[in-house]
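So the chains spell out like this:
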Amino acid sequence: MIIIRTVFFTFVFSFLSTICSKVYSQDFSSLEYRNVGPYRGGRVTAVAGIASKPSNFFLGATGGGVWKTEDYGTSWFNVSDGFFKTPSIGAIAVAQNDPNIVYVGTGSDGLRSNLIEGKGMYKSIDGGKTWVETGLTNVGQIGAIRIHPVDHNIVYVAALGRAFNSNPERGLFKTTDGGKTWNNILFISNKTGISDIEMMPTNPNILYAAAWKAERKPWTIISGGTPKEGGIYKSIDAGKNWSKIENGLPEKLIGKIDLEVCPADSKLLYALVEAPNEEGGLYISDDHGETFEHVSDDKKIRTRPFYYTNVKVDPQNSDVIYSMATDYMKSVDRGKTWSSLSVPHGDNHDMWINPENSDLFIQSNDGGANVTHNGGKSWSTQYNQPTSEIYQVEVDNQYPYWLYGGQQDNYSTVAVPSMAPYGIQAAGIGYIINTGGCETGPAVPHPTNPDIVYSNCKGRFTVFNKKTGTEKSFYVGASNMYGHNPKDLQFRFQRVSPILVSPHNPKVIYHTSQYVHKTTDEGKTWKIISPDLTAFETDKQVISGSPITRDITGEEFYSTIYAIQESPLEEGVIWVGANDGPVHVTRNGGKTWKNITPKNLPPGGRVDAVEPSPHNPAKAYVCVLRYQLGDRKPYIYKTDNYGESWQLLTSGNNGIPKEYAARVVREDPEKEGLLFAGTEYGVFVSFNDGATWKAFQQNLPITPITDLKIHRGDLVFATMGRGFWILDDINVLRQENLNQIKDDFLFKPNTAIRYRSPSGARTSEYPKYPKPGVSIDYFLKEDLSSLLKLEILNEKLEVVNTYISDTTGISKDTVKRDMSTEFLNYQITDKLNAKKGFNRFKWDMTSTGPWNKKTENRYENGPLVKPGIYIAKLTIDKIVLSKSFEIVIDPRVKVTGISEKIISDQVDFQIKVRDLLNEALLLVNSLEIEQETLENKEKITEADKTKLSELKIVLEQLKTREGIYEQPMLTSQIKYLYNMMNEADQEIGKDALDRFIELDKRFQTIKESTN
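Every residue gets a number counted from 1 within its own chain, in the order that chain's sequence is written. Only residues with pLDDT of at least 70 are given local features in this predicted model, and only at 80 or more are side-chain atom pairs given and counted; all residues enter the totals for whole chains, interfaces and linings. Excluding hydrogens and water, the side-chain values take into account all heavy atoms of the structure.

As for the overall build of the protein
And step 1. Secondary structure follows DSSP: runs of H or I at least 4 residues long count as helices, runs of E at least 2 residues long count as strands, and numbering of each begins at the N terminus. The number of helices and strands found in the protein is five helices and 68 strands.
And step 2. Across its three principal directions, the C-alpha atoms of the protein cover 110 × 75 × 60 Å.
And step 3. When each of the 1011 residues of the protein is scored for burial, the buried share is 61%.
And step 4. Pairs at least 24 residues apart make up 57% of the contacts formed inside the protein by residues separated by at least 6 positions.
And step 5. Distance between charge centres in the protein, computed from 113 positive and 122 negative side chains, equals 2 Å. Partly exposed residues are those whose accessible area sits between 20% and 50% of the maximum for their type, while under 20% is buried and over 50% is exposed, using a 1.4 Å probe and protein chains only. It only takes one pair of heavy atoms within 4.5 Å for two residues to be counted as in contact. His is not counted, nor are the chain ends; Lys and Arg add positive charge and Asp and Glu add negative charge. In this description, the location of a charge corresponds to atom NZ of lysine, CZ of arginine, CG of aspartate or CD of glutamate.

In structure tokens:
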């Protein structure tokens, strides 16, 4: 189960008119994104709980913000959306003496290459319902928070610093006024931050801090230095003075350290230390940190220290220790021996143990957060946290289309549907499928056969077959790259090496290392069609991980081709970009290449996306990410002449903020110059080919947009922390002169596919699937309190349904339909908005439904209309606007042999049944009114009694008695037939035809008896 509390934003966009200097403001809040999963948690690096409320826990994701559970992890809801400026969470602390007080430090402390930067501290005084910023905006990543046990206004924050560059705002910060002001009370250097801070439970004036020299580069991770550049510090006066602890600790090199003080025995200080060879591991001091003993160098407690390094001690038993790294380890003999614990997912980061019940704790890993009641024997699920990190998005051409991408720390690439494709018992997680490769992706479906997916796993090309569930491997070079110095490799493949299927020939597939590789037989043979297209600076070709821990997983391979696209207009025009800066193009299928790197582009950045224009073969866009070099500016460039010259579209003052690093840009295939950009903190749109940009965040939470596509009129996103999202139908944004619309306006609806929601997915809220419908967009120049009516007419100009806004004050009780002409006076709805600006109404493609005694359900659930041409007619007070559109048959239905003629006959039959049901229900209603009138007379005559007896006999034939398993009478039988024919597109069975004749005959007989 999952509960999502979303704070919706209204972003007002100013569109620059090309005709005059006046700026108009348009509100597109009616357009909302929907999340389509997957509903499995992503990486969680911070957790916390509340001792006095044992069912309450918090988790902090690396790209998904802060979530809270109040039922031991059975459900989670987001509490940071709308408040936090970054979704990356480094630490969470709850004031246990007042659990309404919660502090959160942003910026995850696991220095991955895809790390999202922190933006300071946040505080809640109502248990996470609302938050305020409390400073430290520039400290970068935050490793730990400690709150004074008595005075929650006294807080210590361990600031690691910026991940990708040195900065002076590193160190240990303290506030004594609840975050209003902060003082740096322990500063080592611009390159050394504080990774952890611990407080002695029995004496909060005694503090221990761990210093860590750390910096990430695209080609390496620097973790550790000399003891002067790191180590453990102690204060006995609440941070006024500090002394260095060195006795018993490593003497030459020291890296990341995590500390723990045991509440059961506060003289014990535990330290998990990164150090060379056997020096690394667990150290314990039994004299308040004066001296340390090295008790374990077990490799499993110290893998990848920059990423993990976390130790926790049972608050009631000082011998029980937990270590979090690739494995989740436990010791019951104070660290001498270790055993592994089973946990829902590997790669472990944090835990919080209830101080009053050591068997109750929360633990986090790269799959989310999980709660145990029994010391780790069983856990709550991670399939209720929509915080997955997705590297890219591809789409296929089936209906409904599916979205594909690499999911961080999933053993395979994944695919999820844009709509529910079939019924399932657990709608949320059940629609995610594996599609080959591994976590990094991409996964690229075959253009015409979606059963075939070309996937990548850290440079390894595979062909996955959905029907068999297996994948064929055709690795270029067939050599394991792990652990190598990149300069020694024949082929340097990034862990997210792109795959491209040519838009002109599906047999042509490209894959990239430092070269462009081409295959025409699905990888059986490969041909190199380019020289090395990277900068390949020799000083960047190094063994990653210094000076202590070697770490080479493929993401550190600098000088590889990171992006490739072929022009959809001109075959053989291929654009590529490398992760170390260069951009190249070939116009002859790879025979010759030209370096077209923008001249004013600073060197070394990662070309995250190349985008050939779908309108002009000479035009293209590139998106360059440089925040891993400490440069957070957005870099989006455009060329109109095959790269001979470039124009920077992101000046920092034309819409995209100067610290919103840009990851991807795409041009709409229908409207030239309509651009969408994905940045580190959200989505932007340009209506003038990049001259100006406007925020287009809508209801999307703040999270990095890693990739986006425009597919079948939908905007499709991948995010680094909130899964896949879709904005259905961007047709309104394609309108010419959109910025000049000032009067009432109705947009022409897109062609819609006539589909039905699968029976097992109709109630799915998570993921959010669209109900069948046509998006009808309109603009109102002012708020309306008068008539706003929407009529849907068929091509014969017959009204099939009518809606009126509930703002008119008209009651649903007055709704009536002319039974002879099928014209409906109106159906009142709160979904037909009458507010100023842009609005969207979703017509469910149904005609008028049956009459219902309950006014709120009256005329709903009508038959799905036939395929054909329809007209949307919008009446705004006395103004009438009309636009035609088409509804086409579901392609899945068509291939089963169902024709439009069959559907037409079915709809005609449904209307006949509906009309019979209407007549029967209205007769019941009139008879009940007559019955009630007679029963309420002051004096009931013998004639009245006779009439009441006659009414009772008739009503007993028409109406089913209330109760359990009562025999369905005539109206229920007609409704049964109506519902029977309203589930699928089908031929009408003989039994249905015969049954209708029978029911109609019975009804006519009963009706005649009432005359």
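Resuming the write-up.
Describing the packing of aromatic side chains
And step 1. Pairing of aromatic side chains requires ring centres within 6.5 Å, counting the rings of Phe and Tyr and the six-membered ring of Trp. Pairs whose planes differ by under 30 degrees are stacked, by over 60 edge-to-face, and all others tilted. What the rule picks out here adds up to 33 aromatic pairs.
And step 2. Ring geometry for Phe-491 and Tyr-515: centres 6.1 Å apart, planes at 85°, overall edge-to-face. Of the two residues, Phe-491 is situated in the loop between strand E39 (470-473) and strand E40 (499-501) and Tyr-515 in the loop between strand E41 (509-512) and strand E42 (516-519); the sequence distance between them amounts to 24 residues.
And step 3. For Phe-491, a relative accessible area of 12% corresponds to the buried category.
And step 4. A network of ring pairs unites the aromatic residues Phe-28, Phe-745, Phe-747, Phe-779 and Phe-838 as a single cluster.
And step 5. Just above the ring of Trp-402 sits the side chain of Lys-466; from NZ or CZ to the centre is 5.9 Å.
And step 6. Note on criteria: charge over ring means Lys NZ or Arg CZ within 6 Å of the ring centre, with the direction from the centre no more than 35 degrees off the ring normal. The ring of Phe-745 has Lys-883 sitting right over it, with the charged end atom 5.3 Å from the ring centre.

Focus: the packing of helix H2 (residues 900-935) against helix H3 (residues 942-958)
And step 1. Interhelical geometry of H2 versus H3 gives an angle of 150° and a closest axis separation of 10 Å. On the basis of their axis angle, the class for H2 and H3 is roughly antiparallel. Relative to H3, the crossing made by H2 is left-handed. Where H2 approaches H3, its residues Leu-923, Val-924, Leu-927, Glu-928, Glu-930, Gln-931, Leu-934 and Glu-935 are matched on the opposing element by Asp-944, Lys-947, Leu-948, Leu-951, Val-954, Leu-955 and Leu-958.
And step 2. Gly is put with the polar residues, along with every residue not named as nonpolar or charged; the nonpolar set is Ala, Val, Leu, Ile, Met, Phe, Trp, Tyr, Cys and Pro, and the charged set is Asp, Glu, Lys and Arg. Across the contact of H2 with H3, the residue classes break down as nine nonpolar, one polar and five charged. Angles shown run from 0 to 180 degrees and are taken between the N-to-C directions of axes, each axis being a line fitted to C-alpha atoms and, for helices, limited to the stretch in contact. Roughly parallel means an angle under 35 degrees; roughly antiparallel, over 145; roughly perpendicular, 65 to 115; everything else is oblique. In this scheme the handedness of a crossing depends on how the near helix is turned from the far one: anticlockwise by less than a right angle means left-handed, clockwise means right-handed.

Focus on the nonpolar core
And step 1. Within the largest apolar cluster, 37 residues are counted, with the highest numbers of intra-cluster contacts made by Ile-636, Phe-676, Trp-693, Phe-696, Leu-715 and Leu-733.
And step 2. When residues of this core are traced back to their parent elements, those giving at least two are strand E50 (620-625), strand E53 (662-667), strand E54 (675-679), strand E55 (682-686), strand E57 (705-711), strand E58 (714-719) and strand E59 (724-727).
And step 3. Counting residues in each nonpolar core, the second largest holds 27 residues, with Tyr-859, Val-924, Leu-958 and Phe-996 among its members. In plain words, nonpolar cores are sets of buried Ala, Val, Leu, Ile, Met, Phe, Trp, Tyr and Cys residues tied together by side-chain atoms within 4.5 Å.

Description of the state of the cysteines
And step 1. Sulfur atoms of two cysteines make up a disulfide when they are within 2.5 Å. Evaluated as defined, the whole model comprises one disulfide.
And step 2. With a sulfur-sulfur separation of 2.1 Å, Cys-438 is cross-linked through a disulfide to Cys-457. Between Cys-438 and Cys-457, the S-S torsion sits near 95°, and that sign places the bridge as right-handed. A residue pair is termed long-range when its members are at least 10 positions apart, and Cys-438 in the loop between strand E35 (433-434) and strand E36 (443-445) and Cys-457 in the loop between strand E37 (452-456) and strand E38 (461-465) qualify at 19 residues.
And step 3. When its relative accessible area of 11% is taken as the criterion, Cys-457 is described as buried.

Regarding the sheet that holds strand E49 (residues 606-612)
And step 1. What the four strands build is an open sheet, ordered E49-E50-E51-E52; its pairing is antiparallel. The open sheet is flanked by E49 and strand E52 (647-648), the only strands paired with a single partner.
And step 2. Pairing of strand E51 (residues 635-639) with E52, which is carried by two bridges, proceeds in the antiparallel orientation. Bridge assignment links Tyr-637 to a residue of E52, and that residue is Leu-648. Strands were regarded as paired on the criterion that DSSP finds at least two bridges between them.

Here we look at the side chain of Ser-559
And step 1. Relative to the helices and strands, Ser-559 resides in the loop between strand E44 (546-547) and strand E45 (561-566).
And step 2. Discounting chain neighbours no more than four positions away, the residues touching Ser-559 are Arg-492, Gln-514, Thr-534, Phe-536, Glu-537, Gln-541, Asn-579 and Asp-580.

Some thoughts on the sheet that holds strand E32 (residues 394-395)
And step 1. Read from one edge to the other, the open sheet built from four strands follows the order E32-E33-E34-E35, with strand pairing classed as antiparallel. Lying at the two open borders of the sheet, with one neighbouring strand each, are E32 and E35.
And step 2. For strand E34 (residues 414-417) and E35, the ladder comprises two bridges, and the chain directions are antiparallel. Along E35, the bridge assignment pairs Ala-415 with Ile-433.

Focus on the environment of Phe-885
And step 1. Along the chain, Phe-885 falls in strand E68 (residues 879-889).
And step 2. If we skip the residues at most four places from it in the chain, Phe-885 touches Lys-748, Pro-749, Asn-750, Val-774, Trp-843, Gly-868, Ile-869, Tyr-870, Ile-871 and Ala-872.

A few points about unusual backbone geometry
Peptide bonds are mostly trans, and most non-glycine residues show a negative phi.
And step 1. A cis amide bond links Gly-37 with the next residue in sequence, Pro-38, at an omega value of 0°.
And step 2. Along the chain, Tyr-399 connects to Pro-400 via a cis peptide bond; the corresponding omega equals -5°.
And step 3. With respect to the element layout, Pro-400 can be found in the loop between E32 and strand E33 (402-405).
And step 4. Residues other than glycine seldom take positive phi values, yet Tyr-642 does so here, at roughly 60°.

Description of the pattern of salt bridges
And step 1. Note on definitions: salt bridges are taken to be side-chain nitrogens of Lys or Arg within 4 Å of carboxyl oxygens of Asp or Glu. Enumeration according to the criterion identifies 57 salt bridges in this entry.
And step 2. Across the salt bridge formed by Asp-707 and Arg-666, the nearest N and O atoms sit 2.9 Å from each other. Here Asp-707, found in strand E57, pairs with Arg-666, found in strand E53; they are 41 residues apart in sequence, far enough to count as distant. For the pair formed by Asp-707 and Arg-666, the shared burial category is buried.
And step 3. Across the pair Arg-756 and Asp-985 runs a salt bridge, and its minimum N-O distance is 2.9 Å. In this pair, Arg-756 sits in the loop between strand E61 (752-754) and strand E62 (774-780) while Asp-985 sits in the loop between helix H4 (970-980) and helix H5 (990-1009), placing the two residues 229 residues apart along the sequence.
And step 4. Its relative accessible area of 18% is what places Arg-756 among the buried residues.
And step 5. Counted as one network, the salt bridges with shared partners bring together Glu-394, Glu-611, Arg-666, Asp-707 and Lys-709.

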